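Overview (structure and organization)
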Amino acid sequence: MIRTYMQTFIRAGLILAPCLISSPVAAKDVITDATRFTVQTTTSVEYSFGADVKGTSRGSGFLIDRERGWIATNAHVVQRSPSRVRVSFKETPYYTVDKVYIDSHLDFAIVKIDPDKIPPNAIAAELACKSAPKAGTQVIAFGHPWGLEYTATRGIISGVKTLNSVEQLQTDAAINPGNSGGPLIEEETGQILGINASGLTNSEGLNFAVPIPLACTIIDLLKAGRDPSPPILPAALALTLGDRELVVADIGKDWADKLSIGDRVLSIDGEVNVKNQSRLFDKLRGKDFAPMQIKRGTQELSVTLAIPSNKDKVTRKGIYVAGMLIGVSTIALAPQNDMYVQMVNRASMAEQAQIREGDVILAIDGKPTRSHEDLMSALTGRENKEVEVMIKRERSQARYRYDYYVRKLDIDNLVVVDETGVRK
């Protein structure tokens, strides 16, 4: 299975450290307010797809709309797989919440709590939606690192970085497991600048947060009743090393009459700061068409692109059988007729048969399995019986890219897993 860059990072959180704030009065107000809008989260996943993790995890979030009951957090906190998410305001019980939106690009999510469950003293956080903060801006990172509830640490904004085409705020405020989804707060104003997301492993002071302006675009579209999901683009864009330009690297048929390989993106919808895919998506979300300025050789050209209706939505559907979960790839542009093994439980029939996470199920008892329907057709009525499974397994270094195997598998516990949960 292909893994995202986020797996090389420690999932977000903050360490417990002395809160060294230059202005005691201002610090008290900011931190007191943070305790009123920050929540604790718990997420339980039984059937995990892709990079998601089976089990129960803890994180953070913060209230952004009291009337709607909306709470912002990270996508990896609530997880994209079917999960049960609960939140708790300070000194209140945990309540189950619903997922409103999960963004597969930004690591951003919104969940909804019943507004009647919000305590009277809770407040909605103020978001700094207008622009990215300057390097050197003093910030307070807030949350629940390592289970240490309502902890604050202090640092600065180190800059705005692009990591694997995703825009991130870099900060030296400590971020450790358990603080994912918590607010990164501007010390002077108390406004939220980012959502704590990750820290670079084996390093000190290299931590990252989702920029709030990019999240605000999504929030505003949701409030207007529009779908903010990033479109699946009929083109691939390369990022130059020095100048941070987006360059057209490959083109599908839908944009073939508008773009050429090597075109440089100068602006989209009037925005000239399109230096990464996050900024690109930010200008394309919720639109049917978008004007683009490009440079082709020495010429500057204007084109209008039709935005695909096919969106990169986070949908999960799979077949759980013999202790393994099988479903299509969670990568947006991956083939959607390859049935991948998403998860293999320890001590399961699948593990005994030496089937691994990432294997592609090609056939069962000689019947091709190119869809969920094919899988169910091949497995239905086979409970407590042995089947022959043909698999394809990718190799990283070899003359041939794949190995092919046949495995004997005893079938038990066949269920369908989708966004609504589990059904027989």
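The rules behind each value
- In this numbering scheme, every chain counts its residues from 1 along its sequence in written order.
- Since the coordinates come from a predicted model, pLDDT governs what is reported: local features require at least 70, and pairs of side-chain atoms require 80 or more to be given and counted, while whole-chain, interface and lining totals use all residues.
- Side-chain measures were taken over the full set of non-hydrogen atoms in the model, leaving aside hydrogen atoms and water.
- Only buried Ala, Val, Leu, Ile, Met, Phe, Trp, Tyr and Cys residues count toward a nonpolar core, and they belong to the same one when joined by side-chain atoms within 4.5 Å.
- Throughout this description, buried means an accessible area under 20% of the type-specific maximum (1.4 Å probe, protein chains only), exposed means over 50%, and partly exposed covers the range between.
- The secondary structure listing takes helices from DSSP runs of H or I that are at least 4 residues long and strands from runs of E that are at least 2 residues long, numbered from the N terminus.
- The contact criterion used is simple: two residues touch if any of their non-hydrogen atoms lie within 4.5 Å.
- Stacked, tilted and edge-to-face pairs are distinguished by plane angle, under 30 degrees for stacked and over 60 for edge-to-face with tilted covering the rest, among Phe, Tyr and Trp rings (Trp via its six-membered ring) whose centres lie within 6.5 Å.
- For this document, the term salt bridge refers to a Lys or Arg side-chain nitrogen within 4 Å of an Asp or Glu carboxyl oxygen.

Focus on the nonpolar core
When a protein is soluble and globular, its nonpolar side chains tend to lie buried together. In this structure, Phe-62 and Phe-108 are the most contacted members of the largest nonpolar core, which totals 46 residues. Residue contributions to this core peak at seven residues, all from helix α3 (residues 212-223). Counting residues in each nonpolar core, the second largest holds 23 residues, with Val-321, Ile-355, Leu-375 and Val-389 among its members.

A word on the environment of Val-422
As for its placement among the helices and strands, Val-422 is situated in strand β27 (residues 421-423). Overall, the relative accessible area of 44% leaves Val-422 in the partly exposed class. For the pair Val-422 and Tyr-47, spaced 375 residues apart in sequence, the C-alpha separation works out to 9.1 Å. Ignoring anything within four residues of it in the chain, the contact list for Val-422 reads Tyr-47, Val-415, Val-416 and Val-417.

Some words on the packing of aromatic side chains
In this structure the tally under the stated criterion is two aromatic pairs. Look at Tyr-47 and Tyr-320: their rings are 4.8 Å apart centre to centre, the planes differ by 70 degrees, and that puts the pair in the edge-to-face class. Of this pair, Tyr-47 sits in the loop between β2 (38-45) and β3 (55-65) while Tyr-320 sits in strand β19 (residues 318-321); the two residues are 273 residues apart in sequence, bridging distant segments of the chain. Here the aromatic rings of Phe-142 and Tyr-150 are separated by 6.2 Å at their centres, their planes lie at 50 degrees, and the arrangement is tilted. Tyr-150 matches Phe-142 in its accessibility class, with the two residues each being buried.

Description of the pattern of salt bridges
As enumerated under the stated definition, the model contains 16 salt bridges in all. Note that Arg-279 is salt-bridged to Glu-167, the shortest N-O span being 3.0 Å. In this pair, Arg-279 sits in helix α4 (residues 277-284) while Glu-167 sits in strand β10 (residues 166-171), placing the two residues 112 residues apart along the sequence. Each member of the pair, Arg-279 as well as Glu-167, is classed as buried. Here the residues in one salt-bridge network are Asp-65, Arg-68 and Lys-223, joined through shared partners.

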